[in-house]
Amino acid sequence: MKYLSTRGQAPKQSFLQILLGGLAPDGGLYLPESYPQFSAVELEFMRDMDYRQLAFTILSRLADDIEPDDLKALCDKTYTTEAYCHGRPDSDFSQITPLRKLEDGVFILELSNGPTLAFKDMAMQLLGNLFEHALEQAGQDINILGATSGDTGSAAEYAMRGKHNVRVFMLSPEHGMTRFQQAQMYSLQDANIFNIAIKGVFDECQDIVKAVSNDHAFKAKYRIGAVNSINWARVAAQVIYYFKAYFAVTNLAVAMEAGQPVDFSVPSGNFGNVCAGHIARMLGLPIRRLIVATNENDVLDEFFRTGVYRPRKSAETLHTSSPSMDISKASNFERFIFDLAGRDGARVAELWRAVDAGDSFDLKPSGLFDDVSAFGFISGTSSHADRLATIRMAWEKYATVIDTHTADGLKVGLEHREAGVPLVCLETALPAKFEDTIVEALGRKPERPAGLENIESLPQRVEVMAADAAAVMAFVARHAND
Ligand SMILES: *Cc1c(COP(=O)(O)O)cnc(C)c1O
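My aim in this report is to walk through the structure given alongside it, one point at a time. Note that the structure is a prediction, hence the values are computed from the model and not measured.

Definitions and cut-offs
Residues numbered from 1 in each chain as written. Predicted model: local features only at pLDDT ≥ 70, side-chain atom pairs only at ≥ 80, totals over all residues. Heavy atoms only, no water. Phe/Tyr/Trp six-rings, centres within 6.5 Å; stacked < 30°, edge-to-face > 60°. Helix = DSSP H or I, 4+ residues; strand = E, 2+ residues; numbered from the N terminus. Buried < 20%, exposed > 50% of the residue type's maximum accessible area, 1.4 Å probe, protein only. Lys NZ or Arg CZ within 6 Å of the ring centre and 35° of its normal. Contact = heavy atoms within 4.5 Å. Axes fitted to C-alpha atoms, helices over the stretch in contact; angles between N-to-C directions. Parallel < 35°, antiparallel > 145°, perpendicular 65-115°, else oblique. Left-handed = near helix turned anticlockwise from the far one by under 90°. Nonpolar A, V, L, I, M, F, W, Y, C, P; charged D, E, K, R; others polar. Pairing = 2+ DSSP bridges. Near = heavy atom within 4 Å. Polar contact = N/O pair within 3.5 Å; in protein donor to acceptor, adjacent residues only side chain to side chain. Areas by Shrake-Rupley, 256 points an atom, 1.4 Å probe, with all protein chains shown as cover.

**So, the packing of aromatic side chains**
Line of reasoning, step 1. In this structure the tally under the stated criterion is 31 aromatic pairs.
Line of reasoning, step 2. Between phenylalanine 304 and phenylalanine 336, the aromatic rings sit 6.0 Å apart at their centres with planes inclined by 40 degrees, giving tilted as the arrangement. One end of the pair, phenylalanine 304, is in helix 12 (residues 299–306); the other, phenylalanine 336, is in helix 13 (residues 333–340), and 32 residues separate them in sequence. One exposure class covers both phenylalanine 304 and phenylalanine 336, and it is buried.
Line of reasoning, step 3. Ring centres of phenylalanine 304 and phenylalanine 377 lie 5.1 Å apart, and the angle between their planes is 15 degrees; on these two criteria the pair is classed as stacked. With phenylalanine 304 in helix 12 and phenylalanine 377 in strand 13 (residues 377–381), this residue pair connects regions lying 73 residues apart in the sequence.
Line of reasoning, step 4. An aromatic cluster is present here, built from Phe271, Phe303, Phe304, Tyr309, Phe333, Phe336, Trp352, Phe361, Phe369, Phe375 and Phe377 joined pairwise through their rings.
Line of reasoning, step 5. Residue placement shows arginine 444 over the ring face of tryptophan 395; its charged tip is 4.7 Å from the ring centre.
Line of reasoning, step 6. Sitting over the face of the ring of phenylalanine 194, arginine 461 holds its NZ or CZ atom 5.9 Å from the ring centroid.

Below, the structure is given as C-alpha cells:
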C-alpha cells in the first residue's frame with residue numbers, strides 16, 4: 001500500500017514514511033493510492049471482534065509496512081480498558097467506544113473516555129505508540145512542536161508523556177482555554193513535556209509553529225515534528241470506531257438485515273473526524289449519510305449547501321461555546337475534495353492555489369458539486385441557543401448530560417433523521433471539559449470522572465512567553481536534547 005499526495009506532484013510513500021512528516025512536499029495531504037475493500041463476507045467476519053482485533057484488521061490494510069506482530073502488539077498496547085475508562089461509570093469500558101442508546105434508532109458513540117476526555121485521545125494514543133516504535137527502529141528521537149486551543153495539546157501530551165525518544169513543546173494561548181483544560185496540560189510533571197503559554201491568542205501560537213516549520217535549517221537541526229490533524233495516522237486510527245459503531249448498532253437493532261446502512265452525525269471543525277467516516281465508507285462500510293455538524297463557524301455547512309468553499313480570515317472566526325470547532329479553514333477537507341474531483345491532483349492543486357491566496361472556490365459551475373450527495377455528505381449548523389436547548393433536551397428526555405460539541409452533532413443529526421435508518425451521533429468530549437456552558441444550560445455542574453475532582457489545584461508547570469518565534473526557538477534549542 002502506497003500513499004499519494006492530493007496535489008499529485010509528490011513521490012508515493014509508505015505508511016511509515018509519512019508517519020513522522022506533515023504535508024507532502026507539494027503541499028498536499030496523503031491518501032491511499034487506492035482504497036482496500038472490505039467485502040460483505042469480511043464485514044460479517046469482523047462483526048464480533050473486540051476493538052483491538054478490529055484495529056489490527058483495519059490497520060494491517062493501511063499500514064502494511066509494519067510487521068504484523070509489531071502492529072498487533074501496538075494495537076493491544078493502545079486500546080486497553082485502563083486507558084479508556086475515564087467517562088461515565090455506567091459505561092462498558094471494555095468496548096473502548098461504548099454505544100449508548102438514547103431511544104430506538106438514536107445512539108451516542110462514546111469517544112471521550114480516554115485520559116483527556118475528548119475523542120482526540122482515540123487517535124493520539126495510537127500515534128504516541130506508533131511514533132515510539134518508528135523512532136526506536138530508526139534509532140532517532142523527535143521534538144514535537146504544536147499549538148493548541150484546548151483538546152489537541154492535552155491529548156498529545158498524555159499520549160507522549162514518558163516516551164524516551166519524544167519531547168513535546170506545546171504552545172497554548174495564556175487565556176482562552178477553560179481552567180480545566182489548562183490544568184490538564186500544565187499539571188503534567190513529566191520531564192519530556194514542555195508547556196509554553198503564549199501572551200497572545202491561538203492564531204499567534206499557530207503562526208509561531210508555522211514560522212519554525214518554515215525555518216528548514218532549524219527544523220532539521222532540532223528534529224522538529226508535528227502531530228497536527230492532517231497526520232494520516234490520526235485519520236486512519238479514527239476509521240476504526242466507525243466500524244465498531246456500525247457493528248454495535250446492527251447487533252443491537254435485531255430487525256436489521258446484513259448490509260443495511262447507518263447514518264453518522266459528526267461535530268466538525270478541521271474535518272478530521274468526518275473524513276475518517278468518509279474513508280470508512282470508501283473501505284466498504286455501509287454508511288448512508290455522513291452528517292457534518294458545524295457551530296456558528298459554518299464554513300463547511302456553507303460548502304455542503306452551496307458548493308462554495310470560502311475559508312474565513314482568522315479575525316472572522318467567532319469564539320463560541322463549542323470552541324474546539326472554532327475554525328476558519330478545514331485542513332482535512334482537501335482529502336475529500338480529491339476523491340470528489342475523481343482524484344485529479346492537478347485540479348486540487350488549482351483549487352488550493354485559490355484557497356492559499358485567501359480566495360474561495362465554487363464547484364457548482366463545473367458540475368462537480370452534483371456528486372457530493374453520492375458520497376453521502378449532508379450538513380447543518382447549530383448556534384449557542386441550539387446548544388443550550390439540546391443539552392437541556394438530552395437531560396430531560398434521556399437523563400444524560402452531553403457536552404457542547406456533542407450537542408451540536410445531536411441537534412443537526414436529529415434534523416436529518418429518517419425513519420428506519422439508525423442514527424449514530426459521535427460524542428467528541430465529556431461535559432466536564434466545558435463546565436460553564438453546562439451550568440448555563442442546566443443550572444448544575446457536570447460530573448467529573450473520578451480522580452479529576454481537584455485537578456485545578458495541582459501544581460502547574462508552564463513557561464509563560466511573549467508571542468515571539470525567536471524566543472520560542474531559543475527555548476526549544478535549550479531543551480531539545482534534555
Ligand atoms: C477537535 C474537536 C472537534 C472537531 O473535530 P475535527 O476532526 O477537527 O472536525 C469537535 N469536538 C471536539 C470536542 C474536539 O476536540
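**Examining the environment of valine 424**
Line of reasoning, step 1. Examined against the element boundaries, valine 424 turns out to sit in strand 14 (residues 423–427).
Line of reasoning, step 2. Sequence separation of valine 424 and alanine 346 is 78 residues, and the distance between their C-alpha atoms is 36 Å.
Line of reasoning, step 3. Valine 424 has contacts with Leu99, Phe107, Leu109, Ala245, Val249, Val262, Asp263, Phe264 and Ser265, leaving out every residue within four places of it along the chain.

**Section: the packing of helix 6 (residues 151–160) against helix 7 (residues 179–186)**
A packed helix pair is summarised by two numbers, namely the angle formed by the two axes and the spacing between the axes.
Line of reasoning, step 1. Interhelical geometry of helix 6 versus helix 7 gives an angle of 25 degrees and a closest axis separation of 9 Å. Judged on the interaxial angle alone, helix 7 and helix 6 are roughly parallel. Seen along the crossing, helix 6 lies across helix 7 with a hand that is left-handed. Across the interface between the two elements, Asp151, Gly153, Ser154, Glu157 and Tyr158 of helix 6 pack against Gln181, Gln184 and Met185 of helix 7.
Line of reasoning, step 2. Split into classes, the residues belonging to the contact of helix 6 with helix 7 amount to two nonpolar, four polar and two charged.

**Observations regarding the sheet that holds strand 7 (residues 193–199)**
Line of reasoning, step 1. If you walk across this open sheet you meet the five strands as 8-5-6-7-15, and the pairing is parallel. Lying at the two open borders of the sheet, with one neighbouring strand each, are strand 8 (224–225) and strand 15 (463–466).
Line of reasoning, step 2. Helix-sheet contacts for helix 6 involve strand 5 (142–147), strand 6 (166–173) and strand 7, and the interaxial angle to strand 6 is about 160 degrees.
Line of reasoning, step 3. Sitting on the sheet, helix 18 (residues 469–479) touches strand 5, strand 6, strand 7, strand 8 and strand 15, and the angle it makes with strand 6 is about 155 degrees.

**Details of unusual backbone geometry**
Line of reasoning, step 1. The residue leucine 117 is not glycine, and still its phi comes out positive at about 65 degrees.
Line of reasoning, step 2. Within the secondary structure layout, leucine 117 lies in the loop between strand 4 (106–110) and helix 5 (120–138).
Line of reasoning, step 3. Residue class for leucine 117 comes out buried when judged on its relative accessible area of 0%.
Line of reasoning, step 4. The phi angle at arginine 223 is positive, at roughly 50 degrees, despite the residue not being glycine.
Line of reasoning, step 5. Tracing the backbone through its elements, the reader meets arginine 223 in the loop between helix 9 (216–221) and strand 8.

**A few points about the site of the ligand**
Line of reasoning, step 1. Every one of the 15 residues lining the ligand counts as a neighbour, but Lys120, Asp151, Gly269, Asn270 and Asn273 are closest to it.
Line of reasoning, step 2. One nitrogen or oxygen atom from the main chain of glycine 269 is found 2.7 Å from an oxygen atom belonging to the ligand.
Line of reasoning, step 3. Phenylalanine 271 places a polar main-chain atom, nitrogen or oxygen, 3.0 Å from an oxygen atom of the ligand.
Line of reasoning, step 4. When the free accessible area of the ligand is taken as 380 Å², the share hidden by the protein chains comes to 96%.

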